[in-house]
Amino acid sequence: MTTPAAGSSPAKQPPPFRLPDIPEKDPNDMTSSKHLARNGNMYRLAHHLDNPGTTIVSGERYICAEPGSPGRYPDLLVAFDADPELYESNNGYVVSLQAKPPDLVLEIASRATGHMDTGEKRDFYASLGIAEYWRFDETGEFHGEKLGGDRLVDGAYQSIPVETLADGRIRSYSRLLGLYICWEMGNLEFYDPKTGSPLPSLDSLGEELQAEQQQREMAESRIRQLEEQLRQSQP
């Protein structure tokens with residue numbers, strides 16, 4: 001048995017596997033930004049689901065079965081009981097390294113890629129074992145429907161019922177999110193069935209955070225006052 005020589009440096013660990021960045025998008029393929037980033041939908045959903053230490057809410061990074069296998073980059077990915085730090089170091093989601101598939105993916109239709117969302121992408125996500133696959137189409141032109149969802153049953157996707165409400169909203173229920181996914185006048189919305197309302201806007205979330213900060217500051221100030229009173233009362 002040999003031992004490292006005194007003063008020798010430990011063996012370097014190989015860098016973690018890292019997926020490449022996704023290709024630069026075609027100008028006609030920027031609808032995901034409109035419906036997930038610019039309106040704050042991704043942040044609102046992450047805030048609602050909470051548990052940032054074990055929940056990944058992200059998108060537009062590769063997902064693959066194992067290092068070196070073919071991948072896709074969904075517009076939205078949600079994974080519970082996962083490792084967000086590993087997701088960052090891998091620059092995407094590797095099922096074999098996370099030891100589980102994501103729970104949900106969603107694709108936003110675009111002229112450039114809409115035809116793939118209902119075919120080869122659907123097959124690919126089913127092969128990875130992703131429990132729910134959702135599709136949103138602002139106009140219905142590229143998917144043939146404005147909202148669609150599938151749930152994995154015995155290894156194959158089955159359609160999730162979709163309903164049209166009297167006000168024109170189209171919605172379907174995601175068991176995994178515990179939310180309604182809605183098409184509303186061409187916009188993507190997430191509705192909380194407990195309140196019957198959309199998830200809080202960025203403005204209301206900001207006000208909520210500000211109120212929480214003020215409450216913390218008031219509590220800390222009261223603690224300091226009590227500590228000072230206690231100190232003065234001591235002989």
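Being a predicted model, the structure only gives us computed values, none of them experimental. (Residues numbered from 1 in each chain as written. Predicted model: local features only at pLDDT ≥ 70, side-chain atom pairs only at ≥ 80, totals over all residues. Heavy atoms only, no water.)

S.K.: Hey, could you go over the pattern of salt bridges for me, with residue numbers and the actual values?
M.R.: Scanning the entire structure with this criterion turns up 14 salt bridges. With a closest N to O distance of 3.0 Å, aspartate 103 and lysine 100 form a salt bridge. Across the pair, lysine 100 and aspartate 103 agree in class, each one buried. Ionic contacts of the salt-bridge type, sharing partners, join the residues Arg122, Arg135, Glu145 and Asp150 into one network. (Salt bridge = Lys/Arg side-chain N within 4 Å of Asp/Glu carboxyl O. Buried < 20%, exposed > 50% of the residue type's maximum accessible area, 1.4 Å probe, protein only.)

S.K.: I'd like to hear about the sheet that holds strand β3 (residues 71-72), residue by residue, with values.
M.R.: A sheet is described by the order of its strands in space; here three strands give the open sequence β3-β2-β5, paired in mixed fashion. Here the strands that pair on one side only, and so sit at the sheet edges, are β3 and β5 (92-94). With three bridges connecting them, strand β2 (residues 62-64) and β5 associate as parallel partners. Looking at β5, one finds that cysteine 64 is bridged to valine 94. (Pairing = 2+ DSSP bridges. Helix = DSSP H or I, 4+ residues; strand = E, 2+ residues; numbered from the N terminus.)

S.K.: Help me get a handle on the packing of aromatic side chains, residues and values and all.
M.R.: Taken as a whole, this structure holds six aromatic pairs when the rule is applied. Plain terms: the ring middles of tyrosine 62 and tyrosine 73 are 5.3 Å apart, the flat faces sit at 85° to each other, and that makes the pair edge-to-face. On the criterion of sequence distance, the pair formed by tyrosine 62 in strand β2 and tyrosine 73 in the loop between β3 and β4 (76-79) is long-range, its members being eleven residues apart. By relative accessible area, tyrosine 62 is classed as buried at 17%. Both rings, one in tyrosine 87 and one in tyrosine 93, keep their centres 6.4 Å apart while their planes meet at 55°; by these two values the pair is tilted. An aromatic cluster is built from Phe124, Tyr125, Tyr133 and Tyr157, whose rings are joined through pairwise contacts. A cation over an aromatic ring shows up here: arginine 169 above the ring of tyrosine 191, its NZ or CZ 4.5 Å from the ring centre. The cationic tip of arginine 171 hangs over the ring face of tyrosine 180; the distance from NZ or CZ to the ring centre is 3.9 Å. (Phe/Tyr/Trp six-rings, centres within 6.5 Å; stacked < 30°, edge-to-face > 60°. Lys NZ or Arg CZ within 6 Å of the ring centre and 35° of its normal.)

S.K.: Tell me what's going on with the sheet that holds strand β14 (residues 197-198), and back it up with residues and numbers.
M.R.: Spatial ordering of the open sheet is given by β10-β11-β12-β13-β14, a layout of five strands whose pairing is antiparallel. Edge positions in the sheet fall to β10 (163-164) and β14, since each has one partner strand and no second. Here five bridges tie strand β11 (residues 170-174) to strand β12 (residues 179-184), and the two strands are oriented antiparallel to one another. Bridging across to β12, arginine 171 finds its partner in cysteine 182. Its contacts with the sheet put helix α2 (residues 41-49) on β12, β13 (187-192) and β14, and the angle it makes with β13 is roughly 15°. (Contact = heavy atoms within 4.5 Å. Axes fitted to C-alpha atoms, helices over the stretch in contact; angles between N-to-C directions.)

S.K.: Quick one: what's the story with the side chain of arginine 171, residue by residue and with numbers?
M.R.: Position of arginine 171 among the secondary structure elements: in strand β11. For arginine 171, the side chain forms a polar contact with the side chain of glutamate 163, separated by 2.6 Å. Aside from chain neighbours lying at most four places away, what touches arginine 171 is Leu147, Pro161, Val162, Glu163, Leu165, Tyr180, Ile181 and Cys182. (Polar contact = N/O pair within 3.5 Å; in protein donor to acceptor, adjacent residues only side chain to side chain.)

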